[in-house]
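So the chains spell out like this:
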Amino acid sequence: NAGVTQTPKFRVLKTGQSMTLLCAQDMNHEYMYWYRQDPGMGLRLIHYSVGEGTTAKGEVPDGYNVSRLKKQNFLLGLESAAPSQTSVYFCASSYSVLKPQSGEQFFGPGTRLTVL
Amino acid sequence: KQEVTQIPAALSVPEGENLVLNCSFTDSAIYNLQWFRQDPGKGLTSLLLIQSSQREQTSGRLNASLDKSSGRSTLYIAASQPGDSATYLCAVKEKDSGAGSYQLTFGKGTKLSVIP
């Protein structure tokens, strides 16, 4: 099992450019999450999904869009990148709360994004 | 709004010492609490998960306790080693009243240095 994987690992964008971050998990988890980590701010939830075809906003959703077309994939999009979106982005996944194994979140290795 | 605090922000100990990391949270209505380890430039590795009905969990030299009523958790590391040097993050999972999903709220972490 690869667990949670993220592509790309690093990316540099210019202001106004767009990009998509891909998260994939092979654990058959129902729930998936996107977080950003900034110095002094800790990790904050951007968007999450409780199942294929569903998404919801987290704490800091502005400037981002997400899609969950397949159960194993969760995409994070930046339509018009801004310097304030320079951060490290982490994807995570977990089982549904309806399952006894639920609760534990597993994280990917992160994507370092710089917006100039 | 749930707030998670970790004190101290940084800790330096000599090799072999036993140590305790602290985590406090403001809303005791949590689903579970999870401790993570993060090495520089890396993702998060789950260490221990404590369900709200449990008092403690153990894994090797690590022991985590949970006192929901007082809003506190501690991570005890026995016989510390230089390889334990990392940032330790505490996160609580609470129910989102909207979509029914469960979100993690993170502390800002304690950076641990174990000196050989």
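Description of the structure in this document.

Calculation notes
- Residues numbered from 1 in each chain as written.
- Chains lettered and ligands numbered in written order.
- Predicted model: local features only at pLDDT ≥ 70, side-chain atom pairs only at ≥ 80, totals over all residues.
- Heavy atoms only, no water.
- Helix = DSSP H or I, 4+ residues; strand = E, 2+ residues; numbered from the N terminus.
- Rg over C-alpha atoms; globule rule 2.2 N^0.38 Å.
- Contact = heavy atoms within 4.5 Å.
- Areas by Shrake-Rupley, 256 points an atom, 1.4 Å probe, with all protein chains shown as cover.
- Lys, Arg positive; Asp, Glu negative; His and termini not counted.
- Charge placed at Lys NZ, Arg CZ, Asp CG, Glu CD.
- Buried < 20%, exposed > 50% of the residue type's maximum accessible area, 1.4 Å probe, protein only.
- Polar contact = N/O pair within 3.5 Å; in protein donor to acceptor, adjacent residues only side chain to side chain.
- Buried area = accessible area lost by both parts, 1.4 Å probe.
- Salt bridge = Lys/Arg side-chain N within 4 Å of Asp/Glu carboxyl O.
- Disulfide = S-S within 2.5 Å.
- Pairing = 2+ DSSP bridges.
- Axes fitted to C-alpha atoms, helices over the stretch in contact; angles between N-to-C directions.

Overview of the overall build of chain B
Next up, step 1: A count of helices and strands for chain B gives zero helices and 11 strands.
Next up, step 2: Overall, chain B shows an N-to-C arrangement of helices and strands of β-β-β-β-β-β-β-β-β-β-β.
Next up, step 3: Expected size for 116 residues packed as a compact globule is a radius of gyration near 13 Å; at 14 Å, chain B falls within 12% of this value.
Next up, step 4: Considered along the principal axes of its C-alpha atoms, chain B spans approximately 50 × 30 × 20 Å.
Next up, step 5: In chain B, of all internal contacts separated by at least 6 residues, the share reaching a separation of at least 24 is 55%.
Next up, step 6: Just so you have it, chain B exposes about 5500 Å², and 47% of that area is on carbon and sulfur atoms.
Next up, step 7: Positive and negative side-chain charges in chain B, numbering 11 and 10 respectively, have mean positions lying 4 Å apart.

Comments concerning the side chain of N63 of chain B
Residues and elements named next belong to chain B.
Next up, step 1: Along the chain, the position of N63 falls in strand β7 (residues 62-67).
Next up, step 2: On the accessibility criterion, N63 (19% relative accessible area) is buried.
Next up, step 3: One polar contact links N63 to E56, side chain to side chain, over a distance of 3.0 Å.
Next up, step 4: Only 2.8 Å separates the side chain of N63 from the side chain of T58, close enough to count as a polar contact.
Next up, step 5: If we skip the residues at most four places from it in the chain, N63 touches L48, E56, Q57, T58, T74, L75 and Y76.

A short note on unusual backbone geometry
Backbone geometry follows two general trends: most residues other than glycine have a negative phi, and most peptide bonds adopt the trans configuration.
Next up, step 1: Cis geometry marks the peptide bond from T7 of chain A to P8 of chain A; its omega dihedral reads -10°.
Next up, step 2: When you line up the elements, P8 of chain A lands in the loop between β1 (4-7) and β2 (10-13).
Next up, step 3: Unusually for a residue other than glycine, N28 of chain A sits at a positive phi of about 60°.
Next up, step 4: Tracing the backbone shows N28 of chain A in the loop between β3 (19-25) and β4 (31-38).
Next up, step 5: The phi dihedral of A79 of chain B falls on the positive side, at around 45°, and the residue is not glycine.
Next up, step 6: Mapped onto the secondary structure, A79 of chain B falls in the loop between β8 (72-77) and β9 (86-95).
Next up, step 7: Judged by relative accessible area, which is 36%, A79 of chain B ranks as partly exposed.

Regarding the interface of chain A and chain B
Next up, step 1: Each partner contributes to the interface: chain A provides 25 residues, whereas chain B provides 24 residues.
Next up, step 2: A buried area of about 1800 Å², summed over both sides, lies between chain A and chain B, and 52% of it is on carbon and sulfur atoms.
Next up, step 3: The largest contributions to the chain A side of the interface with chain B come from L43, Y48 and F107 of chain A, which together make up 24% of the buried area.
Next up, step 4: Summed over the shared surface of chain A and chain B, the result is one salt bridge.
Next up, step 5: For the salt bridge of E59 of chain A with K1 of chain B, the shortest nitrogen-to-oxygen distance reads 3.3 Å.

Some words on the state of the cysteines
Residue and element names in this part refer to chain A.
Next up, step 1: Considering all chains together, one arrives at two disulfides over all chains under this definition.
Next up, step 2: Disulfide partner of C23: C91, at an S-S distance of 1.9 Å. Here the disulfide of C23 and C91 is left-handed, its torsion about the S-S bond being about -75°. Pair noted here: C23 is in strand β3 and C91 is in strand β9 (residues 87-94), with a separation of 68 residues, a long-range link. We note that C23, like C91, is buried.

Digging into the pattern of salt bridges
Close approach of charged atoms allows side chains of opposite charge to pair.
Residues and elements named next belong to chain A.
Next up, step 1: Throughout the structure, instances matching the rule amount to six salt bridges over all chains.
Next up, step 2: Put simply, E30 and K71 hold a salt bridge, and the shortest N to O gap is 4.0 Å. Of the two residues, E30 sits in the loop between β3 and β4 while K71 sits in the loop between β7 (65-67) and β8 (73-78), which places them 41 residues apart along the sequence.
Next up, step 3: With a shortest N-O distance of 2.8 Å, R36 and D38 are connected by a salt bridge.
Next up, step 4: Bridged by salt links that share partners, the residues R36, D38 and R44 form one connected network.

A short note on the sheet that holds β7 of chain A
Residues and elements named next belong to chain A.
Next up, step 1: On the basis of which strands lie adjacent, the open sheet formed by four strands has the order β1-β3-β8-β7 and antiparallel pairing. Across the chains shown, the open sheet's two edge strands, defined by having one partner strand only, are β1 and β7. Adjacent strand axes in the sheet meet at a mean angle of 20° when their direction is disregarded.
Next up, step 2: In terms of strand pairing, β1 meets β3 through four bridges, oriented antiparallel. The residue of β3 that forms the bridge with T7 is L22.

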